[in-house]
Amino acid sequence: MSVRRVVAVFGLFALLLAGCDGPPTGDGSAGPTTAAAPALRPGWQALTLPAPPGAAGRLLVRDLAACAGRWFLAGGVADAAGGTRPAAWTSVDGTTWTSLRVHADSFYGRQNVLSSVACRDGAAAVIGAKVGGAHGYPRISTWRQRADGALVEVQAPFETYGGPTAVNVSRLAAGPSGWLIVGNRSAGAASWVSTPAAEEFALIEGAPELASDAVGVTWAFDAVAVPSGWLVVGGLLPAGRIDRDPAVWSSPDGRSWRRTVLPGGSEYEELQRVAVVGGVPVAVGLRGSTFGAWRQEPSGWVAAGSFGRRSSTGVPTVASLVTAGDRLVAAVTDGSRHSLWISTDRGGSWREAVLPLEVAAGADRDVALVAVGDRWWLAADDGSRAGLWWASGSGT
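Residues numbered from 1 in each chain as written. Predicted model: local features only at pLDDT ≥ 70, side-chain atom pairs only at ≥ 80, totals over all residues. Heavy atoms only, no water.

## A few points about the sheet that holds strand β13 (residues 188-194)
Next, step 1: The four strands are arranged β11-β12-β13-β14 in an open sheet whose pairing can be described as antiparallel. The sheet is open, and its two borders are formed by β11 (166-175) and β14 (202-204), each paired with just one other strand. Between one strand axis and the next, the sheet turns by 25° as a mean value, whatever way the strands run.
Next, step 2: As judged from the eight bridges shared by β11 and strand β12 (residues 178-185), these two strands associate in the antiparallel manner. Paired with V169 across the two strands is G183, which belongs to β12. (Pairing = 2+ DSSP bridges. Helix = DSSP H or I, 4+ residues; strand = E, 2+ residues; numbered from the N terminus. Axes fitted to C-alpha atoms, helices over the stretch in contact; angles between N-to-C directions.)

Structure follows, in structure tokens:
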């Protein structure tokens, strides 16, 4: 089972319990929902990805990052027999891409598909995974970029990401002080911290306020660097309830945490992705039967606009959220198909944009985003083919 499928199983269970009622705001009242409008049509330009070294196979694209004049794309290659190997690409202009050399040291590392990439100072770090072993759990590896540009697997004890208390590893974020991974253990939300070299991650498990406690069960999805340190988003299942409330955590160092539970309604709500636009953190996640946005105001977190509507089948998920100039761009799947949404008012209202490739929901089907200035790049994988495109915000 892949890392993303582990998250999906937990999310589906909670959604089935929560039912399919309409969207509440953070205070439980009816919230603003984006009205139907003609879809935006970005001027998508296709880019070429070279085949990585090694045997031929189908390209897999999973995540994007950019910093300091460098772009990175993480994924893998799948062969006809179902085998996989890690692959990554880089660019110095966002237009011409080259394959990175990838050096794996472990049995499962050589089969990893790279699922989350972040970068700082023009260098990347990556999370990869491969399902395996007697219990069929994801075997997690982290990867760092050497000075010569190659991605190398970082050796770690099995219990760092696996072991009897493992649940999932979610997202990797980069910040001025180093790197942060968020995910979940049997004790609740957890973090992994590393120095700028990304040579070793320390597991922070059972941390007060981050982990589950008498107040409720916690779950972390995503993180972003902010001036005060780190901001993590997710949800909390209050004791005696069957639906999550949105939650955020702040930390100066990734080790000690302060929890804030946002006012929730009677339906299932959680924050799945977070980005900073104009200095304001905005999170997007599930809000009842829709997707919803929340933003951090001087007075605290408030519910912003809602958009989309989840399918009666499948698991709705926010796949990606980035800032493109003064715009937020979110890629989501409603459980049936992937779609793209744009907000120009910090999550207050949203308008759908046409994807360059139709992508149905399902395993091994992904859409990921990265933005630099008012331009954004989109990687899409529909399960049979994968591609990379860019567009300018001025075109929408």
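## Some points on the packing of aromatic side chains
For any pair of aromatic rings, geometry is given as the distance between the ring centres together with the angle between the planes.
Next, step 1: All told, the structure shown has eight aromatic pairs when counted by the stated rule.
Next, step 2: The interplanar angle of 55° and the centroid separation of 6.3 Å between the aromatic rings of W219 and F221 together place this pair among those described as tilted.
Next, step 3: For the ring pair F291 and F307, a centre distance of 5.7 Å and an interplane angle of 20° mean the geometry is stacked. With F291 in strand β21 (residues 290-297) and F307 in strand β22 (residues 300-307), this pair connects stretches of sequence that are 16 residues apart. Each member of the pair F291 and F307 is classed as buried.
Next, step 4: Taken together through their ring pairs, the aromatic side chains of F291, F307, W341 and W350 make up a single cluster.
Next, step 5: Above the ring of W294, the side-chain terminus of R287 is found at 4.2 Å from the ring centroid.
Next, step 6: The cationic tip of R375 hangs over the ring face of W390; the distance from NZ or CZ to the ring centre is 4.2 Å. (Phe/Tyr/Trp six-rings, centres within 6.5 Å; stacked < 30°, edge-to-face > 60°. Buried < 20%, exposed > 50% of the residue type's maximum accessible area, 1.4 Å probe, protein only. Lys NZ or Arg CZ within 6 Å of the ring centre and 35° of its normal.)

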